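Now for the letters of each chain:
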Amino acid sequence: MKFHKTHTLKEIADIIQCEYIGDERFPVHGMNEIHVVTRGDIVFVDHPKYYDKALQSAATIVLINKKVDCPDGKALLISDDPFRDFNKLTRHFRPFQSSNVAVSESAVIGEGTIIQPNCFIGNNVVIGKDCLIHANVSIYDNTIIGDNVIIHSGSVLGADAFYYKKRSEGFDQLLSGGRVVIENNVGIGALCTIDKGVTGDTTIGEGTKIDNQVHVGHDTVIGKKCLIASQTGIAGCVIIEDEVTLWGQVGTTSGITIGEKAVILGQTGVTKSVEGGKTYFGTPIEESREKLKQLANLKKIPEILNKLNKNEG
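As the structure is a computational prediction, the values presented were derived from the model and not from experiment. (Residues numbered from 1 in each chain as written. Predicted model: local features only at pLDDT ≥ 70, side-chain atom pairs only at ≥ 80, totals over all residues. Heavy atoms only, no water.)

Examining the sheet that holds strand β30 (residues 257-258)
With parallel pairing, the eight strands of this open sheet are ordered in space as β7-β10-β13-β18-β21-β24-β27-β30. Taken across any chain shown, the strands that pair with only one partner, and hence form the sheet edges, are β7 (108-109) and β30. Sheet topology note: the strand β21 (residues 201-204)/strand β24 (residues 221-222) ladder contains two bridges and is parallel. Each bridged residue has a counterpart across the sheet, and for I204 the counterpart in β24 is I222. (Pairing = 2+ DSSP bridges. Helix = DSSP H or I, 4+ residues; strand = E, 2+ residues; numbered from the N terminus.)

Here it is, written out as structure tokens:
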């Protein structure tokens, strides 16, 4: 998430009321999760296991819960609770805006686009030309939709990320300030849910077609001309490259990559990153030919045991 203007380190420290290390005029351009940070971004870290990763990342401002040596060319924000203060910054720079109308006055809707009854179109939404948004679709604030997109009834674009920190009193949600971006010629079936990024974009690439009842987690990037069948669940921060096919009831773990033109057969659990151009099946995932050979061999076990018992007799 990039800010509308450049802020100083001191201005950010004042918002969250924390100590800082570095030049008070040090420039701050935005805030992001570690997998999408660039120069000028704030990243937060609250566990020693990840200190080095955050300090050596592309981010130049690190919100951290311990005084450490500050790397050259960077600045630190010292907080007793970086998770809490990252949320404070999200509330400050991307506050929730309530709405009392079905289609926000700040929404931009392209020529030839049809919005069916009972849809909700949030603040700062942009929808391109010649789209068809069927009844009862909810499109949350800041969503971007290209041209010739079809979204079927009951789908929700832009709900919060499923991202929580366990506290003694329960679970504390990391607030979502990102967006959903749908490129041209995408088709989205009925009752799909596409979560917005925590700070970045959840993106569906041009020409991709999504069946009914599919879930796409926060900050996931789906490439061009993919096919995703019904009841598939894609976790957060997944990269699905171009022309991938996911058949029904596929599930993925977070933070993995599915290579270009891979085919994932139905009910597969994608437990790790996989190369493109191959067909996969099973949980844990393996190339389909190998997995099917294993299943065929398993069927032979009773026959083998019977032969062994007869030989022993």
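This is not the end of the story, as more comes after the structure.
Some points on the packing of aromatic side chains
In the structure shown here, the tally under the stated rule is four aromatic pairs. Consider the rings of F44 and F86, whose centres lie 4.9 Å apart with planes at 45°: the pair is tilted. Placement of F44 in strand β4 (residues 41-45) and of F86 in helix α3 (residues 82-93) is noted, with a sequence separation of 42 residues between them. A relative accessible area of 15% places F44 in the buried class. Aromatic pair F162 and Y164: ring centres 5.4 Å apart, planes at 70°, arrangement edge-to-face. Chaining the aromatic ring pairs together yields one cluster made of F44, F83 and F86. (Phe/Tyr/Trp six-rings, centres within 6.5 Å; stacked < 30°, edge-to-face > 60°. Buried < 20%, exposed > 50% of the residue type's maximum accessible area, 1.4 Å probe, protein only.)

A word on the pattern of salt bridges
Within this structure, the stated rule accounts for 16 salt bridges. As a salt-bridge pair, D23 and R25 come within 3.4 Å of each other at their nearest N and O atoms. Judged by its relative accessible area of 38%, D23 is partly exposed. Two residues, R84 and D85, come together in a salt bridge whose shortest N-O distance is 3.1 Å. For R84, a relative accessible area of 30% translates into the label partly exposed. The network of salt bridges with common partners includes D80, R84, D85 and K88. (Salt bridge = Lys/Arg side-chain N within 4 Å of Asp/Glu carboxyl O.)

Observations concerning the side chain of T268
The topology assignment puts T268 in the loop between β31 (263-264) and β32 (269-270). Looking at T268, the relative accessible area reads 2%, which means it is buried. In terms of polar contacts, T268 uses its side chain to reach the backbone carbonyl oxygen of L265, at 2.8 Å. Those residues in contact with T268, other than ones at most four positions away along the chain, are Q249, V250, G251, Y280, F281, G282, T283 and I285. (Polar contact = N/O pair within 3.5 Å; in protein donor to acceptor, adjacent residues only side chain to side chain. Contact = heavy atoms within 4.5 Å.)

A word on the side chain of N142
Looking at where N142 falls in the secondary structure, it is placed in the loop between β12 (138-139) and β13 (144-145). Its relative accessible area of 16% is what places N142 among the buried residues. Of the polar contacts made by the side chain of N142, one reaches the side chain of N124; its length is 3.4 Å. Beyond its immediate stretch of four places on either side in the chain, N142 contacts R94, N123, N124, V125, R179 and V180.

Regarding the domain arrangement of the chain
Domain parsing of the chain yields domain 1 (2-93) and domain 2 (108-280). Facing 14 residues of domain 1, the contacting portion of domain 2 comprises 16 residues. The salt bridge involving K165 is made with D46; its shortest N-O contact spans 3.1 Å. Across the contact surface, domain 1 and domain 2 share six residue pairs in polar contact (both at pLDDT 80 or more). Per element, the largest residue contribution to the side of domain 1 that touches domain 2 is six residues, and it comes from α3. Residue composition of the side of domain 1 that touches domain 2, by class: five nonpolar, four polar and five charged. (Domains from an automatic or database assignment. Nonpolar A, V, L, I, M, F, W, Y, C, P; charged D, E, K, R; others polar.)

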